[in-house]
Amino acid sequence: MLPRIADSLSFLYLDMVRVVQDDTGVCAQIQVDAERTDLVYIPTAALSCLLLGPGVSITTPALNTLARHGTSVVSVGAGGVRAYAGILPASLTTHWLEQQVTRWSDPEQRLDVAKRMYGMRFKGAELPNTVTLEQLRGFEGQRMKAFYKILAQQHGIGRFRRNYHPDQWEAQDPVNLALSAANTCLYGITHAALIALGLSPALGFVHAGTQHAFVYDVADLYKAETTLPLAFALHNSDHPEQEARRRFREDLRLLKLLPSIVRDVQTLLTPRPRHATTDGNTPADGESPQEKHDVQMVHLWDPKVGVLPAGVNYARGDG
């Protein structure tokens, strides 16, 4: 049985190496000088996702081994702060994708997931049982305005208003520029985690109408602890975008955020017990739901009886 995706070896980031397959296994070749090449073997069977950063090349035999071991491969930017493309193994479980589609397609369950996201973002916040999504957006907006005000007062910059104008990029203030740049990095990391789980980045519960809707949903859970404090700290910067990207990459501790994203997404998509709290955890143990592992089996779906075995000829009669 392969390790859970949120375990310590779930994600490995590489850059400036060549990944190859030799007689022993998959290894990263590191060119030290003209006469020396070091080899570092990659524990493919213990990895859920391999992040390939700038300067990485990989051979087809190495990709084949990663696919056989059920390891997702994602092409990312420096430090893993952007996700460009992903290769998913055929053996990757569809459990979490099915959970996502089930909750996304049912209006009541979709609202429930949105409410649980709100509970994760604002710990201890209470919501009326009859709250609508429109009201939820209003509550979120009020809390974010209050948070902006606190950060602005802490840094002595007066009144702050979040603006995002791509057509007037250079006219924006340093905080907005830094926040947009740091958020882009956060979106990349979130995208990589969702791809590794086999989820659809397009099926959002609050956001909609874009291929990254669910990415924006999940990334919003972490902005108050990551990108917002960083952006306000750069209010006097002459180069806020560059500094935001560099400091975000240096301070974020990538391998700590990715497992948190995986754990929180799994909690959101797991059916909530009746005695669960607003953030989706049960008071008894508060543990994250266990992840289902790959099963080398394909089933057929039937709307009346559910799952049917594949590999069976269901034709009736001799015709």
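Structure report, in brief. Only a predicted model underlies this, so the values are computations on that prediction, with no experimental measurement involved.

This paragraph deals with the nonpolar core. Ranked by internal contacts, the top residues of the largest apolar core, which has 57 residues, are Val74, Leu199, Phe214, Val218, Phe232, Ile261 and Val265. Once residues lying within four places of it in the same chain are set aside, the contact partners of Ile261 are Ile189, Thr190, Ala193, Val218 and Tyr222. Counting residues in hydrophobic clusters, the runner-up holds 12 residues, among them Leu14, Val17, Leu47 and Leu66.

What follows is about helix H8 (residues 240-251). For H8, with 12 residues, the first-to-last C-alpha span of 16 Å sits near the 16 Å given by 1.5 Å per residue. Among all positions of H8, only Pro240, Glu241, Ala244 and Phe248 are buried. Buried positions in H8, seen along its axis, are confined to an arc of 95 degrees and lie on one side of it. For H8, the secondary structure elements touched by its buried residues are helix H5 (174-197) and helix H7 (227-233).

Before going further, it helps to spend a moment on the packing of H5 against H8. At their nearest, the axes of H5 and H8 sit 8 Å apart, and the two run at 40 degrees to each other. Classified by chirality, the crossing of H8 by H5 is right-handed. The residues of H8 that touch H5, namely those facing Pro174, Leu177, Ala178, Ala181, Ala182, Cys185, Leu186 and Ile189, are Pro240, Glu241, Ala244, Arg245 and Phe248. Class assignment of the residues belonging to the contact of H5 with H8 gives a composition of 11 nonpolar, no polar and 2 charged.

With phi around 55 degrees, Met16 is a residue other than glycine that occupies positive phi space. Inspection of the secondary structure assignment puts Met16 in the loop between strand S1 (11-14) and strand S2 (18-21).

Here Thr227 lies in helix H7. Those residues in contact with Thr227, other than ones at most four positions away along the chain, are Leu179, Ala182, Asn183, Leu186, Tyr222 and Phe248. Within polar-contact distance, the side chain of Thr227 engages the side chain of Asn183 at 2.9 Å.

A few words on the packing of helix H3 (residues 107-121) against helix H4 (residues 133-155). Taken N-terminus to C-terminus, the directions of H3 and H4 make an angle of 15 degrees; their axes are 11 Å apart at the nearest point. Here H3 is positioned roughly parallel relative to H4, judged by the angle of their axes. Crossing angle aside, the handedness with which H3 passes H4 is left-handed. Facing H3, whose interface residues are Leu111, Ala114, Lys115, Tyr118 and Arg121, H4 presents Leu133, Leu136, Phe139, Glu140, Arg143 and Met144. In the contact of H3 with H4, the residues fall into 7 nonpolar, no polar and 4 charged.

What follows deals with the pairing of strand S5 (residues 49-52). With burial as the criterion, each face of S5 is covered, one bearing Cys49 and Leu51 and the other bearing Leu50 and Leu52. Bridging between S5 and strand S7 (residues 72-76) involves 4 bridges; their strand directions are parallel. Considered in S7, the bridge of Cys49 is made with Ser72.

The next thing to look at is the packing of aromatic side chains. The geometry of an aromatic ring pair is captured by two quantities: the separation of the ring centres and the angle between the planes. Summed over all chains, the structure comprises 5 aromatic pairs. Centroid distance Tyr187 to Tyr216: 4.8 Å. Interplanar angle 65 degrees. Geometry classified as edge-to-face. Here Tyr216 lies in helix H6 (residues 213-219) and Tyr187 lies in helix H5, a separation of 29 residues in the sequence. Relative accessible area serves as the criterion here: at 24%, Tyr216 is assigned to the partly exposed category. Members of the aromatic cluster, each reached through a chain of ring pairs, are Tyr148, Phe160 and Phe232.

Definitions and limits used
Residues numbered from 1 in each chain as written. Predicted model: local features only at pLDDT ≥ 70, side-chain atom pairs only at ≥ 80, totals over all residues. Heavy atoms only, no water. Core = buried A, V, L, I, M, F, W, Y, C linked by side-chain atoms within 4.5 Å. Buried < 20%, exposed > 50% of the residue type's maximum accessible area, 1.4 Å probe, protein only. Contact = heavy atoms within 4.5 Å. Helix = DSSP H or I, 4+ residues; strand = E, 2+ residues; numbered from the N terminus. Expected span 1.5 Å × (residues − 1). Arc of directions from axis to C-beta. Axes fitted to C-alpha atoms, helices over the stretch in contact; angles between N-to-C directions. Left-handed = near helix turned anticlockwise from the far one by under 90°. Nonpolar A, V, L, I, M, F, W, Y, C, P; charged D, E, K, R; others polar. Polar contact = N/O pair within 3.5 Å; in protein donor to acceptor, adjacent residues only side chain to side chain. Parallel < 35°, antiparallel > 145°, perpendicular 65-115°, else oblique. Pairing = 2+ DSSP bridges. Phe/Tyr/Trp six-rings, centres within 6.5 Å; stacked < 30°, edge-to-face > 60°.

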